[in-house]
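Here are the chains, one letter per residue:
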Amino acid sequence: MSKKVRVRFAPSPTGGLHLGGVRTVLYNYLFARRHGGDFILRIEDTDQGRYVPGAEEYIIDSLKWCGLEPDEGPHKSGPHGPYRQSERKALGLYEKYARQLIEQGHAYYAFDTPEELESMREKHKTAENPSPQYNHTLRRKMRNSLSLDPAETQRLLAEGTPYVIRIRLDPDQDVHFTDMIRGEVHFSTTGVDDKVLLKADGMPTYHLAVVVDDHLMEITHAFRGEEWLPSAPVHILLWRYLFGEGKMPQWAHLPLILKPDGHGKLSKRDGDRLGFPVFAMNWTDPRTAEPATGFRETGFLPQAFVNLLAVLGWNDGTGQELFTLQELVEKFSMDRVHKGGAKFDFEKAKWFNHEWIKKLPAADYADRVASLFEAAGIPVPPAGRFEQVLDLVKDRCALLPEFVPQAGFFFQAPATIDLDAVRPKWNDAKALFFAEYIRQLELNPELDPPALEAQFKEMAAAAAIKPGELLMPLRIMLVGGKFGPHVFDIAVLLGREETIRRIRHTLALLKG
């Protein structure tokens with residue numbers, strides 16, 4: 001590539017960061033890193049009515065948690081700032097280009113009031129056209145600089161009459177471009193309306209701002225969701241009119257992340273209904289106080305979250321599923337991105353997390369698990385022992401909160417003992433066995449899992465009891481139920497005194 005690769009993620013600060021947005025970030029990030037380029041974060045806050053306080057900070061924090069930090073952005077200055085469109089608007093960047101389009105005859109002033117626009121939609125509604133658009137068919141019937149004589153237009157402007165600036169789209173034009181995923185894509189302008197480019201408050205709409213900013217920030221590749229494909233004709237024409245199509249970034253329209261049943265785009269509502277997160281991190285809408293759980297707080301590792309998103313719409317052709325971020329950088333290419341949408345499967349997502357929990361040393365996530373223990377009121381021991389326990393049980397944990405029930409008994413005696421699982425086959429011979437076992441533990445100078453197991457089985461043979469009939473009661477005595485890692489590993493980590501105390505406690509309960 002002759003020019004330095006520059007890509008951007010340009011979210012609106014209107015709420016939580018959906019996993020589809022994070023995947024868009026990821027593909028931008030991987031492409032930039034693969035080609036030695038720059039990844040830019042640009043905040044598209046042109047719609048001030050939908051602006052949500054805290055959303056920008058949330059987006060930045062989410063990217064940091066994922067390990068996908070940009071090279072330039074509102075929080076990281078660079079040569080192409082400012083990186084918020086509201087600040088760029090204050091510099092007059094967008095108005096300048098909107099007026100250039102008017103001078104070229106590619107845009108016009110529209111003075112229609114909201115009431116006039118609503119009247120137009122009602123007046124021209126038909127069975128064949130239930131949603132009339134402001135386009136080449138109707139614009140001459142509206143109040144704009146194409147339908148008014150020039151003197152009237154100048155009078156309205158001089159009097160400060162509110163207006164928007166709309167692009168002028170003529171019908172029957174073939175507009176096309178080469179998509180990096182979909183190949184050659186063609187559109188007709190006949191069904192496209194005259195989009196607003198500059199609003200009455202002077203703010204640009206997405207259509208104008210994205211083209212102007214991509215040009216001024218020297219963006220070479222623009223990756224966005226396929227829902228933006230219908231807007232492509234407007235953007236291509238704006239590039240043609242303002243800067244020349246030769247300077248337009250290469251585009252790729254990414255496939256949607258679909259609901260688990262494959263019918264439609266995955267939404268927060270689907271997550272709420274089916275019981276899984278769709279946002280990167282917890283988010284509470286400050287306007288409605290409505291909370292949304294995030295992947296981080298559900299117990300996902302960032303490595304797993306990034307990994308599962310990478311393969312939701314891409315593969316490297318080998319069948320490999322687990323990738324580090326560096327491996328993704330080395331292997332990622334846009335020609336392996338799928339055209340069709342990818343169904344989200346939460347069970348598969350948990351599989352990725354389980355694999356990463358097993359793959360990483362417990363030290364990498366011990367702090368997060370420790371905070372879960374503290375929240376549950378379970379004292380956390382010094383780091384070395386804590387990590388030793390986590391490594392012992394991590395094969396059993398798909399989500400980080402599962403470490404609490406799977407490992408909590410190491411640091412806090414179980415509150416309840418599943419006596420119902422022991423009593424049906426309990427007898428005096430077994431009671432005598434465990435009384436003798438306590439005595440042997442007291443005499444044993446060192447605890448070692450293989451030695452403990454050998455001793456236990458020898459004692460069982462001497463007592464003429466099958467080891468399996470004794471191992472389950474021992475497990476329940478130590479952990480409270482029929483779960484946990486190898487029982488003699490548990491005994492060693494609990495230590496002699498605590499192991500003996502728990503056996504005695506259960507024996508006393510069985511006598512009662």
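Residues numbered from 1 in each chain as written. Predicted model: local features only at pLDDT ≥ 70, side-chain atom pairs only at ≥ 80, totals over all residues. Heavy atoms only, no water.

**Quick look at the nonpolar core**
One recurring pattern in soluble globular proteins is that nonpolar side chains are buried together. Counting 59 residues, the largest nonpolar core has Leu19, Phe305, Leu308, Leu309, Met334 and Phe344 as its most contacted members. Elements that contribute at least two residues to this core include exactly β1 (6-9), α1 (19-34), β2 (38-41), α2 (55-66), β9 (250-254), α11 (302-310), α12 (325-331) and α13 (346-359). A per-element tally of this core places α1 first, with 9 residues. The contacts of Phe305, once residues within four sequence positions are left out, are Leu19, Val22, Trp65, Cys66, Ala280 and Phe295. Of all hydrophobic cores here, the second largest spans 54 residues; its members include Ile378, Cys397, Phe403 and Phe410. (Core = buried A, V, L, I, M, F, W, Y, C linked by side-chain atoms within 4.5 Å. Buried < 20%, exposed > 50% of the residue type's maximum accessible area, 1.4 Å probe, protein only. Helix = DSSP H or I, 4+ residues; strand = E, 2+ residues; numbered from the N terminus. Contact = heavy atoms within 4.5 Å.)

**Brief notes about the pattern of salt bridges**
On inspection of all chains with the given rule, the structure shows 41 salt bridges. Arg88 is the partner of Asp213 in a salt bridge, and the nearest nitrogen-oxygen pair spans 2.6 Å. Placement of Asp213 in helix α7 (residues 206-216) and of Arg88 in helix α3 (residues 85-90) is noted, with a sequence separation of 125 residues between them. Judged by its relative accessible area of 0%, Asp213 is buried. (Salt bridge = Lys/Arg side-chain N within 4 Å of Asp/Glu carboxyl O.)

**Some details on the layout of surface pockets**
For the largest pocket, the calculated volume is near 1,200 Å³. Forming the walls of the largest pocket are 40 residues, and the residues nearest its centre are Pro11, Ser12, Glu227, Trp228 and Lys265. If you list the elements that add at least two residues to the lining of the largest pocket, you get β1, α1, α7 and β8 (221-225). Sorting elements by how many residues they give to the lining of the largest pocket places α1 first, with 4 residues. Of the residues in the lining of the largest pocket, the class split is 14 nonpolar, 12 polar and 14 charged. (1 Å grid on protein atoms, 1.4 Å probe; cavity = no way out; pocket = protein on both sides within 12 Å on 5 of 7 lines; lining within 4 Å. Points joined across faces, edges and corners; volume = space filled by probe spheres on them. Nonpolar A, V, L, I, M, F, W, Y, C, P; charged D, E, K, R; others polar.)

**Regarding the pairing of strand β4 (residues 164-167)**
Judged by which residues are buried, β4 turns out to be covered on both faces: Val164 and Arg166 on one side and Ile165 and Ile167 on the other are all buried. Of the strand pairs in this sheet, strand β3 (residues 107-110) and β4 are connected by 4 bridges, and their pairing is antiparallel. From the neighbouring strand, Ala107 faces β4, where its bridge partner is Ile167. (Pairing = 2+ DSSP bridges.)

**Quick word on the packing of α7 against helix α8 (residues 232-242)**
The contact between α7 and α8 brings their axes to 10 Å, and the two run at 50°. When the axis of α7 is compared with that of α8, the two are oblique. α8 is crossed by α7, and the crossing has right-handed handedness. Counting all contacts with α7, which are made through Tyr206, His207, Leu208, Val210, Val211, Val212, Asp214 and His215, the residues of α8 involved are Val234, His235, Leu238, Trp239 and Leu242. Across the contact of α7 with α8, the residue classes tally to 9 nonpolar, 3 polar and 1 charged. (Axes fitted to C-alpha atoms, helices over the stretch in contact; angles between N-to-C directions. Parallel < 35°, antiparallel > 145°, perpendicular 65-115°, else oblique. Left-handed = near helix turned anticlockwise from the far one by under 90°.)

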